[in-house]
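As a plain string of letters, each chain reads:
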Amino acid sequence: MAEAGRIVAAHPGIARSAVYGTSYEGRDLIVVKISDNVAVDEDEPEVLFTHHQHAREHLTVEMALHLLHLLTEGYGRDERITGLVDGHEIWIMPDLNPDGGEYDLAGGSRRGWRKNRQPAPGSSAVGTDLNRNWPYRWGCCGGSSGSPAAQTYRGPVSESAPEVRAVADWVRGRVVDGVQQIRAHIDWHSYGEMIMWPYGHTRADTAPGLTRDDRAAYAALGRSMAAVNGYTPRQAGDRYVMDGTLGDWMWGTFKIFSYTFEMYPARGAPGFYPPGRRIAAQTARNREAVLRFLEYSGCVYRIIGRAARYCGAGEGPAAAPGRRPAPA
């Protein structure tokens, strides 16, 4: 929180932060916007990065800080970054699960905690797996647990976790004049060194709401990004079935191209707790993948040569014209 505040204060012309909700234990949930006219809601493609749904995945928060530094410090110095910031509204949510993260490291220990810190109703168990609590195909397909003690407990109902509800309400708030402004999204996790895309609730390559062209565009950009960071590209359900996930909700509800990045390591040690000396290399490893993602985010179908069919004359579906006051 302090570092994000310093970055915003150092770059007030292109960075702005806001509180979009609070965690179960009352911690602020913040979003940082980066854009050239940061105080104005412009007619530009919007991109969202979310981090730290799972408490023990602290490297994802470091990735958020890396992105904040990259995009603000590169602006005006790096022509490519400057163009991307000028042409997009970029939103970064650096910590979706602050309660779980604080608990995981409380007292200097490493608890391996995954969930939030919300008590389960009717049970002595604590915590909901935020990435099984989203309201699309929630609990549908054996990809989550109904047991409050389980690591993948999906909660009693979808959006029961206040952290999930806050993000979901914020995303719904980006529908302007009936059009969802967010075009593309990355949800950061660790570990496994993978780039995944929907659907997670089925092993099928295509399913209702996910056509051959959709899947082809997802796969082409996923493979392109994986080619530069060394991750393995795959459809999420090919790893294992998971339901109620953020990626499935983003695509299934709003047709936002949503990727999940599983960060370092590929497997085994050091697991969820890499030593500090490896942070810089493992966050910088994603620089080119993120920039490539931003370049295609306005119309991901462009990577398979189908922009004219799906995105019209522009880079993406037509957004509401004009400028509006930026949302809180």
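Residues numbered from 1 in each chain as written. Predicted model: local features only at pLDDT ≥ 70, side-chain atom pairs only at ≥ 80, totals over all residues. Heavy atoms only, no water.

1. Section: the nonpolar core
Link 1 in the chain: Core analysis: the biggest nonpolar cluster contains 75 residues, and Phe 49, Val 171, Tyr 259, Phe 293 and Leu 294 have the highest contact counts within it.
Link 2 in the chain: Looking at which element gives the most residues to this core, the answer is helix H2 (residues 59–73), with seven residues.
Link 3 in the chain: Excluding residues that lie within four positions of it along the chain, Phe 293 makes contacts with Val 47, Phe 49, Ala 184, His 185, Ile 186, Leu 221, Met 225 and Tyr 259. (Core = buried A, V, L, I, M, F, W, Y, C linked by side-chain atoms within 4.5 Å. Buried < 20%, exposed > 50% of the residue type's maximum accessible area, 1.4 Å probe, protein only. Helix = DSSP H or I, 4+ residues; strand = E, 2+ residues; numbered from the N terminus. Contact = heavy atoms within 4.5 Å.)

2. Things to note about helix H1 (residues 2–10)
Every α-helix winds through 3.6 residues per turn, so residues three or four apart in the chain are directed the same way.
Link 1 in the chain: Within H1 the residues assigned to the buried category are Ala 4, Ile 7 and Val 8. Seen along its axis, H1 keeps its buried residues to an arc of 95 degrees; they face one direction. Away from its buried face, by an angle of more than 90 degrees, H1 presents the exposed residues Ala 2, Arg 6, Ala 9 and Ala 10.
Link 2 in the chain: Where the residues of H1 are buried, they touch strand E1 (15–22), strand E2 (28–34) and H2. (Arc of directions from axis to C-beta.)

3. Overview of the packing of aromatic side chains
Link 1 in the chain: Across all of its chains, the model carries 17 aromatic pairs by this definition.
Link 2 in the chain: Look at Trp 249 and Phe 254: their rings are 5.3 Å apart centre to centre, the planes differ by 90 degrees, and that puts the pair in the edge-to-face class. Accessibility classification places Trp 249 together with Phe 254 in one group, the buried group.
Link 3 in the chain: Consider the rings of Phe 257 and Tyr 301, whose centres lie 5.2 Å apart with planes at 85 degrees: the pair is edge-to-face. Separated by 44 residues along the polypeptide, Phe 257 in strand E11 (residues 257–263) and Tyr 301 in the loop between helix H10 (287–296) and helix H11 (307–311) bring together distant segments of the chain.
Link 4 in the chain: Three or more aromatic residues link up through ring pairs in this structure, and these residues are Phe 49, Trp 197, Tyr 218, Trp 251, Phe 257, Tyr 259, Phe 293, Tyr 301 and Tyr 310.
Link 5 in the chain: Above the face of the Tyr 103 ring, Arg 117 is positioned so that its terminal group lies 3.6 Å from the ring centre.
Link 6 in the chain: Taking NZ or CZ as reference, Arg 154 lies 5.6 Å from the ring centre of Trp 138, over its face. (Phe/Tyr/Trp six-rings, centres within 6.5 Å; stacked < 30°, edge-to-face > 60°. Lys NZ or Arg CZ within 6 Å of the ring centre and 35° of its normal.)

4. So, the sheet that holds E2
Link 1 in the chain: Taken together, eight strands build an open sheet; the order of strands is E1-E2-E5-E4-E8-E11-E9-E10 and the sheet is mixed. Here the strands that pair on one side only, and so sit at the sheet edges, are E1 and strand E10 (232–235). Geometrically, the sheet is characterised by an average inter-axis angle of 20 degrees between neighbouring strands, direction not taken into account.
Link 2 in the chain: This element, H10, spans strand E4 (46–51), strand E5 (89–93), strand E8 (182–190) and E11 of the sheet and lies at about 145 degrees to E4. (Pairing = 2+ DSSP bridges. Axes fitted to C-alpha atoms, helices over the stretch in contact; angles between N-to-C directions.)

5. Looking at the side chain of His 185
Link 1 in the chain: Mapping His 185 onto the fold places it in strand E8.
Link 2 in the chain: Within the structure, His 185 has its side chain in polar contact with the side chain of Thr 50 (distance 2.8 Å).
Link 3 in the chain: Each residue touching His 185, except ones within four places of it in the same chain, is listed here: Leu 48, Thr 50, Leu 246, Met 250, Ile 256, Phe 257, Ser 258, Tyr 259 and Phe 293. (Polar contact = N/O pair within 3.5 Å; in protein donor to acceptor, adjacent residues only side chain to side chain.)

6. Let's talk about the confidence of the model for the protein chain
Link 1 in the chain: Per-residue pLDDT for the protein chain has a mean of 95; in total, 95% of the residues score no lower than 70.
Link 2 in the chain: Confidence drops under a pLDDT of 50 for residues 315–328, and excluding neighbours within four residues, the segment shows 48 contacts in the predicted structure. (pLDDT = per-residue confidence, 0-100.)

7. Details of the pairing of E5
Link 1 in the chain: E5 sits mainly inside the fold: five of its five residues count as buried.
Link 2 in the chain: Burial along E5 is two-sided: the face carrying Glu 89, Trp 91 and Met 93 and the face carrying Ile 90 and Ile 92 are both buried.
Link 3 in the chain: Pairing of E2 with E5, which is carried by three bridges, proceeds in the antiparallel orientation. Directly across from Lys 33, in E5, lies its bridge partner Trp 91.

8. Some points on the state of the cysteines
Link 1 in the chain: Enumeration according to the criterion identifies two disulfides in this entry.
Link 2 in the chain: Across the disulfide, Cys 299 is cross-linked to Cys 311 (sulfur-sulfur distance 1.9 Å). Classification of the bridge connecting Cys 299 and Cys 311 rests on its S-S torsion, roughly 80 degrees, and on that basis the disulfide is right-handed. With a gap of 12 residues between them, Cys 299 in the loop between H10 and H11 and Cys 311 in helix H11 connect regions that are remote in the sequence.
Link 3 in the chain: Should the bonded cysteines of the protein chain be numbered as they appear in the sequence, the pairing reads 1-2, 3-4. (Disulfide = S-S within 2.5 Å.)

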